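Survey of secondary and tertiary structure
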Amino acid sequence: MKISHASVLAAFFSGLCAVTGTVGASAAEDKTSSTGFFLDTVVTITLYGDTDSTAMDGCFSLLEEYEQMLSRTIEGSDVWNINQSEGKATVVSDETADLIETALEYSRLTDGAFDITITPLVDLWNIEGKSSLLADGDAEEALQEDTADVLIPTDEEIASALSHVDYTVVSVEGTTVTLSDPDAEIDLGGIAKGYIADRLKEYLLSQGIESALINLGGNVQTIGTKPDGSKWKIGIQEPFGGSSDIIAAVACAGASVVTSGTYERYFELDGTIYHHILDPATGYPADNGLTSVTILSESSVVCDALSTACFVLGLRDGSELIETLDNVEALFITEDETLYRTSGFPE
């Protein structure tokens, strides 16, 4: 039985570079760049122009605030409180309630391809944890016997987890969130970074920042144009390539670019890649011949939700959905590295 792995560190940084901002600014231009770690990802914010530290400090204060609010692993966060409620009504912040409402809108739009109640399946598969385990040589050797039993959940386990995956059990009334299934849990990881990128953009614009790049682990949000007035060029990583291997690029100004791909977090068993983008309909990693989906829109929250949903939907259904939406475009990359663009995605 042949097993291989993507080490968690390598897979993590691959995910970060799924969309990379290619700035192209000259060394003479004034810029300030700062990096931190929030929501399990590396965050880099770059501001252009003559600015003091106020705007940058404000961005990182917001990141800290949103992490404490939206992380499902931080005790006392809104999401943690919902998941520990055992179905009881839970009062959350206005922003958490709004974000959950937005997530449910995309669940309805995509017929459940995007589902924030995917948590039981995420925990069952534990793709990131297993990748990390396989990265340990001693652990990998110990797993050689009965590897499939250790790495792949049984049909019964998947069916049990799936019985608690259903976005319709989530209801929001004002700032009160209730899960009608006491064993259901939510995870906003598939949409929170997009939401936060949009809020950071709003904040920076309010501070008079006219040119900036926000990169939340591959969720790229641009503000304005480059300092010379030209559009930003955002590179899209070649699936399973190195961080500097760019397969395509998109020029944009004031827009967001977000990619979801199989190569971000995965392990491989007997030639099959088991990745972190799970299909709420089957309980297994989505298997439709795609390796990545990139969404382009002015709103990063739109990009975040739809990059996951369209990956699950597949090339045909995903592209058909995008063609029905205003000011949203997509680039699909298949396993043979063929690129498919929706009608308005820039060449």
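Remember, it's a predicted structure, so these values are computed and weren't measured experimentally. (Residues numbered from 1 in each chain as written. Predicted model: local features only at pLDDT ≥ 70, side-chain atom pairs only at ≥ 80, totals over all residues. Heavy atoms only, no water.)

So, about the packing of aromatic side chains. One pass over the structure, following the stated rule, counts eight aromatic pairs. Geometrically, the ring pair formed by Tyr66 and Tyr195 is edge-to-face, given 5.9 Å between the ring centres and 90 degrees between the ring planes. Taken together, the positions of Tyr66 in helix H2 (residues 54-70) and Tyr195 in helix H10 (residues 192-206) put the pair 129 residues apart, joining distant regions of the chain. According to the relative accessible area criterion, Tyr66 is buried, its value standing at 3%. Between the aromatic rings of Trp125 and Tyr284, the centroid separation amounts to 5.5 Å while the plane-to-plane angle is 65 degrees, which identifies the pairing as edge-to-face. You can see Trp125 sitting in helix H5 (residues 119-125) and its partner Tyr284 sitting in the loop between strand E14 (272-275) and strand E15 (290-297), a full 159 residues away along the chain. Residue Trp125 is classed as buried on the basis of its relative accessible area of 0%. Put simply, the rings of Trp125, Phe267, Tyr274 and Tyr284 touch in pairs and so form one group of aromatic residues. Above the face of the Tyr195 ring, Arg199 is positioned so that its terminal group lies 4.6 Å from the ring centre. (Phe/Tyr/Trp six-rings, centres within 6.5 Å; stacked < 30°, edge-to-face > 60°. Helix = DSSP H or I, 4+ residues; strand = E, 2+ residues; numbered from the N terminus. Buried < 20%, exposed > 50% of the residue type's maximum accessible area, 1.4 Å probe, protein only. Lys NZ or Arg CZ within 6 Å of the ring centre and 35° of its normal.)

Now for the confidence of the model for the protein. Mean pLDDT over the protein: 88, with 87% of residues reaching 70 or higher. Predicted confidence is poor over residues 1-28, with pLDDT under 50, and the contacts of this stretch with residues over four places away or in other chains come to 83 contacts. (pLDDT = per-residue confidence, 0-100. Contact = heavy atoms within 4.5 Å.)

Attention now goes to the sheet that holds strand E3 (residues 31-38). Strand order in the open sheet formed by eight strands is E3-E4-E8-E9-E12-E15-E16-E17, and the pairing between neighbours is antiparallel. Pairing within the sheet leaves two strands with one partner each, and these edge strands are E3 and strand E17 (339-341). Within the sheet, the average angular offset between the axes of one strand and its neighbour, ignoring direction, is 10 degrees. Of the strand pairs in this sheet, strand E16 (residues 328-334) and E17 are connected by three bridges, and their pairing is antiparallel. Across the sheet, the residue bridging to Ile333 is Leu339, located in E17. Running over the sheet, H2 touches E3, strand E4 (41-48) and strand E8 (212-216) and is turned about 15 degrees from E3. (Pairing = 2+ DSSP bridges. Axes fitted to C-alpha atoms, helices over the stretch in contact; angles between N-to-C directions.)

What follows concerns the pairing of strand E12 (residues 256-261). Moving residue by residue along a regular strand, the side chains alternate between the two faces of the sheet. Most of E12 sits inside the fold, with six of its six residues counted as buried. Burial along E12 is two-sided: the residues Ser256, Val258 and Ser260 and Val257, Thr259 and Gly261 are all buried. With two bridges joining them, strand E9 (residues 219-223) and E12 adopt antiparallel strand pairing. When the sheet's bridge partners are listed, Gln221 is paired in E12 with Ser256.

Now for the packing of helix H11 (residues 300-313) against helix H12 (residues 315-323). Direction vectors running N to C along H11 and H12 enclose 135 degrees, while the axes themselves pass 6 Å from each other. On the basis of the axis angle, H11 is oblique to H12. As for the relative orientation of H11 and H12, their crossing is right-handed in sense. Across the interface between the two elements, Leu306, Cys310 and Leu313 from H11 touch Asp317, Gly318, Leu321 and Ile322 from H12. Across the contact of H11 with H12, the residue classes tally to five nonpolar, one polar and one charged. (Parallel < 35°, antiparallel > 145°, perpendicular 65-115°, else oblique. Left-handed = near helix turned anticlockwise from the far one by under 90°. Nonpolar A, V, L, I, M, F, W, Y, C, P; charged D, E, K, R; others polar.)

Moving on to a negative patch on the surface. A cluster of acidic residues, Asp30, Asp50, Asp52 and Asp57, forms a negative patch on the protein surface. Assignment of secondary structure puts Asp30 in the loop between strand E2 (19-22) and E3. Look at Asp30 and you get partly exposed, because its relative accessible area is 48%. (Patch = residues over 30% accessible without salt bridge, like charges linked within 9 Å, V, L, I, M, F, W, Y side chains within 5 Å. Areas by Shrake-Rupley, 256 points an atom, 1.4 Å probe, with all protein chains shown as cover. Salt bridge = Lys/Arg side-chain N within 4 Å of Asp/Glu carboxyl O. Lys, Arg positive; Asp, Glu negative; His and termini not counted. Charge placed at Lys NZ, Arg CZ, Asp CG, Glu CD.)

Along the chain, Tyr203 falls in helix H10. Separated by 148 residues in the primary sequence, Tyr203 and Ala55 place their C-alpha atoms 8.2 Å from one another. In this view, Tyr203 contacts Thr54, Ala55, Gly58, Cys59 and Leu62; residues no more than four positions away in its chain are not counted.

Now for the environment of Arg199. Among the structural elements, Arg199 can be located in helix H10. Placed 102 residues apart in sequence, Arg199 and Val301 show a C-alpha to C-alpha distance of 9.8 Å. Those residues in contact with Arg199, other than ones at most four positions away along the chain, are Tyr66 and Glu95.

Before going further, it helps to examine unusual backbone geometry. The residue Phe240 is not glycine, and still its phi comes out positive at about 65 degrees. Secondary-structure assignment places Phe240 in the loop between strand E10 (232-237) and strand E11 (246-252). With phi around 60 degrees, Asn327 is a residue other than glycine that occupies positive phi space. With a relative accessible area of 67%, Asn327 lands in the exposed category.

Let us look at the pattern of salt bridges. For the structure shown, the criterion picks out six salt bridges. As a salt-bridge pair, Asp123 and Arg72 come within 2.7 Å of each other at their nearest N and O atoms. Taken together, the residues Asp123 in helix H5 and Arg72 in the loop between H2 and helix H3 (78-83) connect sequence positions 51 residues apart. Among the residues examined, Arg72 registers a relative accessible area of 21% and is labelled partly exposed. Note that Asp187 is salt-bridged to Arg72, the shortest N-O span being 3.1 Å. Of this pair, Asp187 sits in the loop between strand E7 (176-179) and H10 while Arg72 sits in the loop between H2 and H3, placing them 115 residues apart in sequence. When salt bridges that share partners are traced, they join Arg72, Asp123 and Asp187 into one network.

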